[in-house]
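# Coordinates in review
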Amino acid sequence: MLGLPQSDELVFFVNGRKVIERNADPEVTLLTFLLKALGLTGTKYACGRGSCGACTVMVSKCDPVSKKIRHFSIIACLVPICSLYGAAVTTVEGVGSIKTKLHPVQERIAKSHGTQCGFCTPGMVMSMYTLLRNHPQPSEEQLMEALGGNLCRCTGYRPILESGKTFCMESNGCQQKGAGECCLAQGEEDPSSLGRSSDISTELFAKDEFQPLDPTQELIFPPELLRLAENPEERTLTFHGERVTWISPGTLKDLLELKVKHPEAPLVLGNTSLGPAMKSQGHVHPILLSPARISELSMVSTTSEGLTIGAGCSLAQVKDILAERVSELPEEKTQTYRALLKHLKSLAGQQIRNMASLGGHIISRHCYSDLNPILAVGSATLNLRSAGGARQVPLSEHFLAGLASADLRPEEVLESVHIPHSQKGELVSAFRQAQCQHNAWAHVNAGMRVLLKEGTDTIEDLSIAFGGLGAATVSARQSCQQLRGSKCTPGSVLCSGSSLLWPSAHSLPRFSSNQSVQFLLTRKEREGKKLSSKDGLQYPDVSDPFLSALEDFSVTVPQGVQKYQSVDSRQPLQDPVGRPIMHLSGLKHATGEAMFCDDIPRVEKELFMALVTSTRAHAKIISIDLSKALELPGVVDVITAEDIPGTNGTEDEKLLAVDEVLCVGQIICAVAAETDVQAKRAIEEIKITYEDLEPVIVTIEDAIKHNSFLCPEKKLEQGNIEEAFEKVDQIVEGEVHVGGQEHFYMETQRVLVIPKTEDNELDIYVSTQDPAHVQKTVSSTLNIPGNRITCHVKRVGGGFGGKVGKSAVFGAIAAVGAIKTGHPVRLVLDREDDMLITGGRHPLFGKYKVGFMNNGRIKALDIECFINGGCTLDDSEQVTEFLVLKLENAYKIRNLRFRGRACRTNLPSNTAFRGYGFPQGTLVTESCITAVAAKCGLLPEKVREKNMYKTVDKTIYKQAFSPENLIRCWDECLDKSSLGSRRKQVEAFNKKNYWKKKGLAIIPMKFSVGFGATSYHQAAALVHIYTDGSVLVTHGGNELGQGIHTKMLQVASRELKIPMSYMHICETSTATVPNTIATAASIGSDVNGRAVQNACQILLKRLEPIIKKNPEGSWEDWIEAAFEQRISLSATGYFRGYKAFMDWEKGEGDPFPYYVYGAACSEVEIDCLTGAHKKIRTDIVMDACCSLNPAIDIGQVEGAFIQGMGLYTTEELKYSPEGVLYSRGPDDYKIPTITDVPEEFNVSLLPASQTPLTIYSSKGLGESGMFLGSSVFFAITDAVAAARRERDLAEDFTVKSPATPEWVRMACADRFTEMIPRDDPKTFRPWSIPIA
Ligand SMILES: Cc1cc2nc3c(=O)[nH]c(=O)nc-3n(C[C@H](O)[C@H](O)[C@H](O)COP(=O)(O)OP(=O)(O)OC[C@H]3O[C@@H](n4cnc5c(N)ncnc54)[C@H](O)[C@@H]3O)c2cc1C
Ligand code: FES
Ligand code: FES
């Protein structure tokens, strides 16, 4: 680079090819390099923080000491390219491709239906591939571990795991009974329950078709790198970037000298701490020292005293080293190692453990560090080195607090860590509590060590260190001192002045003090019990039920069966309808060849756009100073509202703010620059001055207080509710709070706008569910007719409702930039911005009053719901309507009143989200039923059954329907789950265990599909047949991962009677099918399928005379003849769909074309001491009628269920009282991971029945499964209720979703929760507030 000192050449290999980078910039990550420099777009960006696994690649290195080649998965978004000197990188493209040869991993993940949108798939492939490079026949546990750091928002993980299991030793049979044999093979299938057993299939893919894994076929490690490792270069390598210089010395001596010269320069090893910190703080270190080539930092040595591990060893290596020592040494010597191992299993994902070094972990001193508390109580010592010599410092409380006297000196480096063996009589324990058990930073954690006087129960020595309670790991020194010499009983440990840490717990920035304090108490209790239960130390107060405190939940590999009805044996083989056909793009997803919006290569003169958003929730914009930003290199322009040639959004929702901002995250202006880095740097330089305005309304409570609503109340009423309340035996009133949800589509919002040279034409490539809406919005924004604007959607990396409306805003802003600058403009949102700017599912606050008889019959139900709509209307009115329409769920209650209102608050607008109000609203109804059951002393399932629709009836809005399939699903689910017998087992378990409780719940579902407006029930398709016989199908639906294109080709194949291989779908485009409706509301395949069918039937009709004339002819013959005879081989199909109607005045209508029914039964176990839970089993029965593609439909049900489970259990958005969203990435916002899948997960599709309105009587299953995730929530509350009953507490506790560990713990109130000092709200301003 011009003006920079000469850099060394950076040499590494990518997919077997040598890369020589002469101007390697230390700030460039491997991900950026792959995408931008090498054009390898298979590796994906989804979070940029190391937390999602989408950018996983494999790195191979030759160990300079052992000379062995190590293959390990890493996160490309955190790896600086400069750290790759001498390494070989394998990306998904290097593993295999459709064009050359597929790798078995790629083939199997696709054919096992492990891909939906496919955005996570390359990362999954790479994690599995790396595992297989190291273990060609891994265990299922190893497979789970390898995939633990990869997130998928679509599939629910089951099919991904299934594909991986085909490589595992234990891969045969579902092994539900532990006999290694599938239960189906054990004759347990009841043929009457799901139709004739011969009709029922449990195979979604044919394993025997898979090509075998042949490890000899893998890419070899480049011989050049091998030679390099054998004769390592000792010279220092230097790479100069624009702002940062990377120096990589070859010897320890050089490193130490460099440290003297650059004492401020940090050492970079894994960059998993430094990298995210630099990104979030915008901090730049001008010099970075890389000790990666220094062998002394990788040394491991053992003595009779303990183990010394080089600071440069990765955490994965540390895990292996410790595991080896544990297997070799007696248990009493390995207490500390075992405790470390326990945490090393759950610390981050495999990729981070492969990258992160022990030294980096210790020196980072994260307050949530999992290892430092254990190392501290285990008396570890740090071996430090400097040019002046060596010295040791203890890894003490003082070191962890960063006290200068106990810390490294600037010129020192950490060479190794000595961890002594534990002694006889010593017990070391590790504890952590996180939002979910794996791949989540701990909220609080602890290491505890106790030494008992030999042969006695007297505590000789005790140390306890806690993480997460303050700015650093803290030690409970005072408590420990007090306890020395005392007897070891649970009580003694517990009562030992826990108050010591309370003040620091109160000052916690991230989590509520309650949680930390109760965790602290819990851990002390658990520690006490562990000690007491040791041989020879049995205490009378640790009776059997209390021993349930001892163990944390372990990870179990999920098993399960998926059942569906096979097609009729008479159906022609060519006809794919009803068969589990693989997703059309499955193989492309798995090889990285599937192109997403941002994979489109850079076009000439392209600019990158970055958005400037409001930092205030409600304020007047006083001034915007762009001057500094405009002066920065590469910045071409800044787009403000004044640049909009047409309309700036709507009156209610401006595209770019003018004068006033209504929420934090509202878009104010946008920078267009030559590169993304320049654009992002420039937005930091735009200075906006605000004048704060009142009121700032963040919560529903505040909105109600201020009478701040977005639209009028929606209300439905039937019967005479007041009269009914007078005649009932009992009345219960309650409240339900349901938090919001982030869509967390793996592909963030993206758009590329390319202005053409003629006639104001624009091509827009956009990740959206509604290209017609993008076209319309761009048209009105630019004041250009729609016929000049073509929107293209190839595929979308997940939408879930979040890309219906918002993508048009991004499209329009980028289009203004493109028109103003005359350049193509690309806008790709960072995960942080995506989460900040776009709203999600509406949080809900519901109040109910229910009147019922003592036998559980509900006579009157009054529900009032408020949703937090955010600052503009968006979809809030329709969500409120749907919420109210759907609140009755599956229940026939004569006297009802449902009311709903959308609150206007100063938060980003909430919008459409899978289920559209149903998952939140119906939680109120089901909570109310649970409360009735508790009051009547009945089982909730009995009350549900009693009040369910039984015969043909009318809904509250007088739409007639038959609940036959609802009852079938319910009965099947009861039967399949063996609920009756398992209830008894759960009761027996709960009697025996005080600290662990199990819970069970079965939930019925009646879900109405479709939009509420008639104009949305239409679709069109365009089918061309080319003269070679190939068919191009285009329709109005967008491929979001839900397999709509696959289903459409199945339809076309049946109609044209030719195999799917003749057909192709290229993209969805406003130029081929105009005026499309959003692909949403579960009806995409219904309506587009009918349009495709229509087009194909028109074409076939035209071909009929030709076919009749030459019945033995081939398809190609007929097409050729048709062309000769001048018969048009192109047809438009159209479907005029359902006439939706709803009269809100009268409260009557036919708003929905049909219902999907289902039922789910879940069992969980909760830990009353920590609030954690484990999902033991889920059985789902879903009414798919005649599934077009059972693999895709089961995938939708499972994916939606797991997403619903996330909504109700782990996904918690945190807002400040000022309306700032804190949770802006996968670190802070926990969507389910592979370890959250229920241990047993069975899904059955109810055998066929007829639905005249839909294509081949299939049903749309896109959304409904979401609500079934609530069965896990109700199983948790069932377990909580069991705990409360035992503790003589009232069962009518306030229901709050998600059921986080904190909520569960506090709901299982006991003597420990009593000890927590209650916060006086007047004395502090909370860090975060609930907005529902
Ligand atoms: C997605 C994600 C999830 C995570 N989850 C967890 C979790 O659940 N629990 C947990 O405990 N941690 C977690 N971590 C933190 C992780 O353990 C640390 O980031 C990691 O151990 C740091 O090691 P590193 O090699 O990457 O350090 P780097 O980022 O390379 O360096 C960190 C710091 O250490 C200094 N340093 C490094 N080596 C030396 C040395 N030899 N001598 C002197 N100074 C040195 C550097 O100067 C720098 O300041 C997570 C991190 C990520 C990114
Ligand atoms: S882990 Fe790299 S993009 Fe998410
Ligand atoms: S398929 Fe995994 S995120 Fe879409």
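Predicted, not measured: the structure shown is a model, and the values here were computed from it.

Reading guide: rules and limits
- Residues numbered from 1 in each chain as written.
- Chains lettered and ligands numbered in written order.
- Predicted model: local features only at pLDDT ≥ 70, side-chain atom pairs only at ≥ 80, totals over all residues.
- Heavy atoms only, no water.
- Phe/Tyr/Trp six-rings, centres within 6.5 Å; stacked < 30°, edge-to-face > 60°.
- Helix = DSSP H or I, 4+ residues; strand = E, 2+ residues; numbered from the N terminus.
- Lys NZ or Arg CZ within 6 Å of the ring centre and 35° of its normal.
- Near = heavy atom within 4 Å.
- Polar contact = N/O pair within 3.5 Å; in protein donor to acceptor, adjacent residues only side chain to side chain.
- Areas by Shrake-Rupley, 256 points an atom, 1.4 Å probe, with all protein chains shown as cover.
- Pairing = 2+ DSSP bridges.
- Axes fitted to C-alpha atoms, helices over the stretch in contact; angles between N-to-C directions.
- UniProt positions renumbered as here; feature names shortened; annotations may be inferred.
- Buried < 20%, exposed > 50% of the residue type's maximum accessible area, 1.4 Å probe, protein only.
- Contact = heavy atoms within 4.5 Å.
- Parallel < 35°, antiparallel > 145°, perpendicular 65-115°, else oblique.
- Nonpolar A, V, L, I, M, F, W, Y, C, P; charged D, E, K, R; others polar.

Moving on to the packing of aromatic side chains. With the rule as written, the count across this model stands at 21 aromatic pairs. Seen from their ring centres, tryptophan 995 and phenylalanine 1312 are 5.8 Å apart, and the 25° between their planes marks the pair as stacked. Here phenylalanine 1312 lies in helix H40 (residues 1311-1315) and tryptophan 995 lies in the loop between helix H32 (979-992) and strand S37 (996-1008), a separation of 317 residues in the sequence. Through a chain of ring-to-ring contacts, the aromatic side chains of Phe882, Tyr916, Tyr957 and Phe1152 assemble into a single cluster. One cation-aromatic arrangement involves lysine 998 over phenylalanine 989; the distance from NZ or CZ to the ring centre is 4.4 Å. A cation over an aromatic ring shows up here: arginine 1054 above the ring of tyrosine 1256, its NZ or CZ 4.6 Å from the ring centre.

Attention now goes to the site of ligand 1. Near ligand 1 lie 33 residues; those nearest to it are Leu269, Thr272, Leu274, Ser357 and Asp370. Contact distances for ligand 1 include 2.9 Å between an oxygen atom and a side-chain N or O atom of histidine 361. Leucine 414 is positioned such that a nitrogen or oxygen atom in its backbone is 2.8 Å from a nitrogen atom of ligand 1. When isolated, ligand 1 has an accessible area of 970 Å², and the protein chains bury 94% of it.

Okay, the sheet that holds strand S9 (residues 287-289) next. Across the sheet, three strands lie side by side as S7-S8-S9; this open sheet has mixed pairing. Where the open sheet ends on each side, the last strands, each with one partner, are strand S7 (237-240) and S9. Neighbouring strand axes in the sheet, compared pairwise and without regard to direction, differ in orientation by 15° on average. In this structure, strand S8 (residues 245-248) lies alongside S9, joined through three bridges in parallel fashion. Across the sheet, residue isoleucine 247 finds its bridge partner in S9, namely leucine 289.

Right, let's talk about the UniProt feature "domain: FAD-binding PCMH-type" (unreviewed entry) in the protein chain for a bit. This chain's UniProt record puts "domain: FAD-binding PCMH-type" (unreviewed entry) on residues 239-424. Secondary structure across residues 239-424 comprises 36% helix and 20% strand; the distance between its end C-alpha atoms is 51 Å.

The sites that UniProt annotates as "binding site: [2Fe-2S] cluster 1" (unreviewed entry) are Cys47, Cys52, Cys55 and Cys77. In terms of the greatest pairwise C-alpha distance, the residues named above, spread along 31 residues, form a tight cluster of at most 10.2 Å across. Looking at where cysteine 47 falls in the secondary structure, it is placed in the loop between helix H1 (30-37) and strand S3 (56-62). Exposure remark for cysteine 47: the relative accessible area of 2% places this residue in the buried category. Apart from residues lying up to four places away in sequence, cysteine 47 is in contact with Cys52, Lys279, Arg831, Glu832 and Pro1226. Within the secondary structure layout, cysteine 77 lies in the loop between strand S4 (69-75) and strand S5 (88-90). For cysteine 77, the contacting residues outside a window of four places in its chain are Thr29, Leu31, Gly48, Arg49, Gly50 and Cys55.

Across the chain, the bulk of peptide bonds are trans and the bulk of non-glycine residues have phi less than zero. Proline 695 follows glutamate 694 through a cis peptide bond whose omega is -5°. The residue proline 695 is located in the loop between strand S25 (687-692) and helix H23 (700-705) in this model. A cis geometry characterises the amide bond from serine 1297 onward to proline 1298, with omega recorded as 5°. Along the chain, proline 1298 falls in the loop between strand S48 (1295-1297) and helix H39 (1301-1307). At lysine 605, a residue that is not glycine, the phi angle is positive and equals roughly 65°. On the secondary structure map, lysine 605 appears in the loop between helix H20 (586-591) and strand S20 (607-613). One non-glycine residue with positive phi stands out, namely aspartate 759, at about 50°. With respect to the secondary-structure elements, aspartate 759 resides in the loop between strand S28 (750-755) and strand S29 (762-766). Relative accessible area serves as the criterion here: at 48%, aspartate 759 is assigned to the partly exposed category.

For the rest of this paragraph, the subject is the side chain of serine 248. Mapped onto the fold, serine 248 is located in strand S8. Those residues in contact with serine 248 that sit more than four places away from it in its chain are Arg235, Thr236, Leu237, Ser290 and Arg293.

What follows is about the packing of helix H36 (residues 1190-1209) against helix H38 (residues 1270-1286). Put simply, H36 and H38 touch, their axes get as near as 7 Å, and they point 40° apart. The orientation of H36 with respect to H38, classified from their angle, is oblique. Listed contacts from H38 to Phe1201, Met1205, Tyr1208 and Thr1209 of H36 are Ser1270, Ser1271, Val1272, Phe1273 and Ile1276. Residue composition of the contact of H36 with H38, grouped by class: six nonpolar, three polar and no charged.

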